[in-house]
Amino acid sequence: MKIIGIVLLTVAPLIYGLRSAKTVRDEVRFFGCAAEFARHLQKCVEYENRDTNGIIDSFSCSDETFGKLLENLRNNGYYCEFPETIPISAEYKKALGEFFSMIGKVSRKELCDSARYYSDLFGSEYEKIKKAAPDKYKSRIVIGLAVGAMLAILFI
Amino acid sequence: MDELRYVSGLLSPALGAECVKFGSCEEIRLRKGGRLAFCKNGRQYYSAVTVNEEDLIHAVRAFTRNSFHTYMPYVKKGFIPFEGGIRIGVAARGNPEKDDGLSVSDITSLNVRLPKSEKVVPLEIFSRFPPDKSALVYSPPGGGKTTFLRELFPLLTEEPYEKKVCVVDSRGELTYGQGGNADVLFLEDKAEGVFKAIRSLSPDVIILDEIGLDEDTKYITDAKNAGAELICSSHGSSAGTLMKRANVKRLIDQGVFETFIGIGEQNGRRTYEITPKRDFV
């Protein structure tokens, strides 16, 4: 019983570390997709004046969460809701909400300007967190491992 | 009923539920600040639900495929091209301050007209006049002119007429983008469309919906002089009122049309009054 307890206490921080590291990866992927979509939208509207639903259909998204958001926007428009699980800060969630709420409501020029703005905003954040991601990723796993090991030593 | 269900699915949840509750109708009217209304058999019925700005924006987003930017040129002309024969009329506040002329919040009401699923015009009507010759179809708004043209033009491409028909479908209401054996200039400006048709499609007959503007007289006369027959529609409750419309009168005086078809209503049924040129007015 004691052994099982020690194993669990040791493994739990490690799992937490791994999950936390995954969040870093999810955040990078999410921002990458958001920036890429804003850029894609801006180009399609500026050069071809294409309709948004067609643009969403033709956009291949590597992030599942962002893909679901786009699907929601396509199907529910104004009533599109953001789930709590989006791996970004409240500040960027608000920015994304503002961006999505403009789609389908404004003129071509306004939409292009706004898409360009959000593409830059999400793009610069993407570059920033992508650069910091390997260290952050590694450190979260290492911390998880260290805490686990420490607990194991303490209990042994 | 299928179209009604489809449209109600595109509206905000509260309005959609009201549409399903009301059941089949000819028109659904969304007016900002007004009650949701339905038109059935020429009467207007009001729902208890009031349409707010969010409802209207939601509807516009859905009808324009989340693309007000793409559809704005049509919205400015007072309609949103839509699929499946559903016609969406738009009323908006003028906004001269804005470069692009319009924003989604300027839209004050939408009129969603649902198509009839079955053929409306009895076939024998088309045998009462030479349907491959120039004609003017007239009726009050919502009287059935577009339906008449929509049911007429496919007949002209088949036996015994077998004409080369070109439909200039400026509002996307005649063909919904597919004209069968007819050539379709879909969502094309009427003047531009007639010019293109004459220049490159060598049509025997050109179909045009809702004429009556000053510019219409010029290209219609040009097309007639180029040798094409024109079957057009125009608003007018009677021959007398039609002749009060200066531009339509000019075309009639120039002898553009061979036949005049007036669509009316009696005891809830459509009537068709067919008058040859020599007897008109």
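These numbers were taken from a predicted model, which means no experiment stands behind them. (Residues numbered from 1 in each chain as written. Chains lettered and ligands numbered in written order. Predicted model: local features only at pLDDT ≥ 70, side-chain atom pairs only at ≥ 80, totals over all residues. Heavy atoms only, no water.)

So, on to the overall build of chain A. Within chain A, the secondary structure is distributed over five helices and zero strands. From first element to last, N terminus to C terminus, chain A shows the α and β order α-α-α-α-α. Taking 156 residues into account, the globule formula puts the C-alpha radius of gyration at 15 Å, and chain A, at 20 Å, lies well above it. Its C-alpha atoms give chain A principal-axis dimensions of about 65 × 30 × 25 Å. Within chain A, contacts between residues separated by at least 24 positions form 69% of all contacts whose residues are at least 6 apart in sequence. (Helix = DSSP H or I, 4+ residues; strand = E, 2+ residues; numbered from the N terminus. Rg over C-alpha atoms; globule rule 2.2 N^0.38 Å. Contact = heavy atoms within 4.5 Å.)

Moving on: empty space enclosed by the protein. All names here are of chain B. A complete count under the given rule lists one cavity of 30 Å³ or more for this structure. One number sums up the size of the largest cavity: a volume of about 40 Å³. Looking at the lining of the largest cavity, the elements that each hand over two or more residues are strand 4 (79-80) and strand 5 (87-92). Of the residues assigned to the lining of the largest cavity, the class counts are six nonpolar, one polar and three charged. Here the lining of the largest cavity spans two domains, and each of domain 1 (2-113) and domain 2 (123-279) adds at least three residues to it. (1 Å grid on protein atoms, 1.4 Å probe; cavity = no way out; pocket = protein on both sides within 12 Å on 5 of 7 lines; lining within 4 Å. Points joined across faces, edges and corners; volume = space filled by probe spheres on them. Nonpolar A, V, L, I, M, F, W, Y, C, P; charged D, E, K, R; others polar. Domains from an automatic or database assignment.)

Residue and element names in this part refer to chain B. Looking at chain B, the domain boundaries give domain 1 (2-113) and domain 2 (123-279). Here domain 1 and domain 2 have C-alpha centroids that lie 28 Å from each other. Contacts between the two partners involve nine residues from domain 1 and, on the opposite side, nine residues from domain 2. Of the roughly 780 Å² buried where domain 1 meets domain 2, counting both sides, 54% is carbon and sulfur surface. For the domain 1 face of the interface with domain 2, the top three residues by lost area are F79, G85 and R87, together amounting to 56%. On the surface where domain 1 and domain 2 come into contact, there are one salt bridge. (Buried area = accessible area lost by both parts, 1.4 Å probe. Salt bridge = Lys/Arg side-chain N within 4 Å of Asp/Glu carboxyl O.)

What follows concerns the interface of chain B and chain A. The partner chain A presents 24 residues to the 18 residues of chain B that form the contact. Around 1,700 Å² of area is buried between chain B and chain A when both sides are counted, 48% of it from carbon and sulfur atoms. Taken together, the links from chain B to chain A amount to one salt bridge. One salt bridge in this structure joins D51 of chain A and R65 of chain B, with 3.0 Å as the shortest N-O distance. Counting every contact that joins chain B to chain A gives 14 residue pairs in polar contact (both at pLDDT 80 or more). Breaking the side of chain B that touches chain A down by element, the ones donating at least two residues are helix 3 (53-63) and helix 4 (68-76) of chain B. Residues belonging to the side of chain B that touches chain A are distributed by class as follows: six nonpolar, six polar and six charged. (Polar contact = N/O pair within 3.5 Å; in protein donor to acceptor, adjacent residues only side chain to side chain.)

The subject of this paragraph is the sheet that holds strand 11 (residues 229-235) of chain B. Residue and element names in this part refer to chain B. Strand order in this open sheet of seven strands is 9-8-10-11-7-12-13, and the pairing throughout is mixed. Because the sheet does not close on itself, it has two edges, and the strands there are strand 9 (183-186) and strand 13 (269-276). Recorded for the sheet is a direction-independent mean angle of 15° between the axes of neighbouring strands. Pairing geometry for strand 12 (residues 259-266) and strand 13, over eight bridges, is antiparallel. The residue of strand 13 that forms the bridge with Q266 is R269. Each of strand 7 (135-139), strand 8 (165-169), strand 10 (205-208), strand 11, strand 12 and strand 13 is contacted by helix 6 (residues 145-156), which is oriented at about 165° to strand 11, the strand it contacts most. (Pairing = 2+ DSSP bridges. Axes fitted to C-alpha atoms, helices over the stretch in contact; angles between N-to-C directions.)

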